[in-house]
Amino acid sequence: YKLVLKSIVWEGLVEGLKSGTIDLIIAGMSPTEERKMSIDFTSPYCTTTHVIVSSKNSKYASATKFSDLAGAKDIGQAGTIYNELAGQVVSKSSGCTQLTPAESVPLIINTIKTGVADITVLEEPVAIGICTADSSLTYFRLSEQFDVSEEDKIVSIGVRKVDTKLRDKVNESLSKISEATRKELMIKAIENQPSGE
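Because the structure is predicted, anything quoted here is derived from the model rather than measured.

Enquirer: How would you sum up the pattern of salt bridges? Please name residues and give values.
Expert: Under the defined criterion, the tally for this structure stands at twelve salt bridges. Measuring nitrogen to oxygen at the nearest pair gives 3.5 Å for the salt bridge that ties glutamate 33 to lysine 36. Linking glutamate 33 with lysine 36, this pair stays in helix H2 (residues 33–36), spanning three residues, or about one helical turn. For lysine 36, a relative accessible area of 36% puts it in the partly exposed group. A salt bridge links aspartate 163 to arginine 160; its shortest N-O distance comes to 3.0 Å. Judged by relative accessible area, which is 14%, arginine 160 ranks as buried.

Enquirer: Can you explain the environment of phenylalanine 41? Please cite residues and give values.
Expert: Within the secondary structure, phenylalanine 41 is located in strand S2 (residues 40–41). In the structure, phenylalanine 41 is positioned 47 residues away from glutamine 88 in sequence and 27 Å away in space, judged by C-alpha atoms. Those residues in contact with phenylalanine 41, other than ones at most four positions away along the chain, are Met29, Ser30, Pro31, Arg35, Lys36, Ser156, Ile157, Gly158 and Arg167.

Each value, and the rule that gives it
Starting afresh in each chain, residues are numbered from 1 along the sequence in its written order. At least 70 in pLDDT is required for a residue's local features to be given in this predicted model, at least 80 for side-chain atom pairs to be given and counted, and no such filter applies to totals for whole chains, interfaces and linings, which use all residues. Each side-chain value is derived from all of the structure's non-hydrogen atoms; neither hydrogens nor water enter the calculation. The salt bridge criterion pairs a side-chain nitrogen of Lys or Arg with a carboxyl oxygen of Asp or Glu, the two atoms within 4 Å. Counting from the N terminus, the helices are the DSSP runs of H or I reaching at least four residues and the strands are the DSSP runs of E reaching at least two. Here the term buried applies to any residue with accessible area under 20% of the maximum for its type, exposed to any over 50%, and partly exposed to those in between, with areas from a 1.4 Å probe on protein chains only. In this description, contact between two residues means that some pair of their heavy atoms is separated by no more than 4.5 Å.

Written out as structure tokens, the structure is:
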């Protein structure tokens with residue numbers, strides 16, 4: 001196979017896969033039951049943790065529990081678990097407000113950098129990449145847990161339901177990559193990701 005990368009908005013990924021615009025979704029997608037109704041997935045290639053991102057100089061940057069985020073303006077990404085988790089922050093933090101979700105992570109980060117939003121919830125590998133690329137931002141874990149199902153913690157590659165041979169080939173390749181190597185590859189991918197759109 002010759003690898004060709006395409007940038008598609010999150011909401012267009014499943015349709016792009018189904019229409020044949022792309023052959024695989026490798027974009028941090030969890031194999032939820034709802035998504036499994038329209039596309040297939042490979043075996044998981046990683047398990048993720050969700051963290052909070054803010055400006056380094058934000059009063060929220062030292063938060064350790066949900067109550068420390070009281071009064072924060074929280075923003076998520078439309079159509080993703082990030083927006084659902086932003087809602088959890090709001091429900092668990094007094095006076096925290098949830099802003100209209102942004103269409104992409106770069107737009108979310110822009111709202112934080114411009115002061116429109118104070119915080120967002122992202123997967124840790126995404127947060128590491130963003131904070132590595134922009135030293136004015138930081139990420140942190142809370143001592144309290146988000147309510148996240150196991151299916152939303154795992155990340156797999158999306159495949160068309162009819163492409164069972166491709167799915168099996170990807171699974172075969174994934175089975176040959178150790179957990180340690182997967183972590184190394186994720187770090188390299190984070191270091192090489194573009195900082196913008």
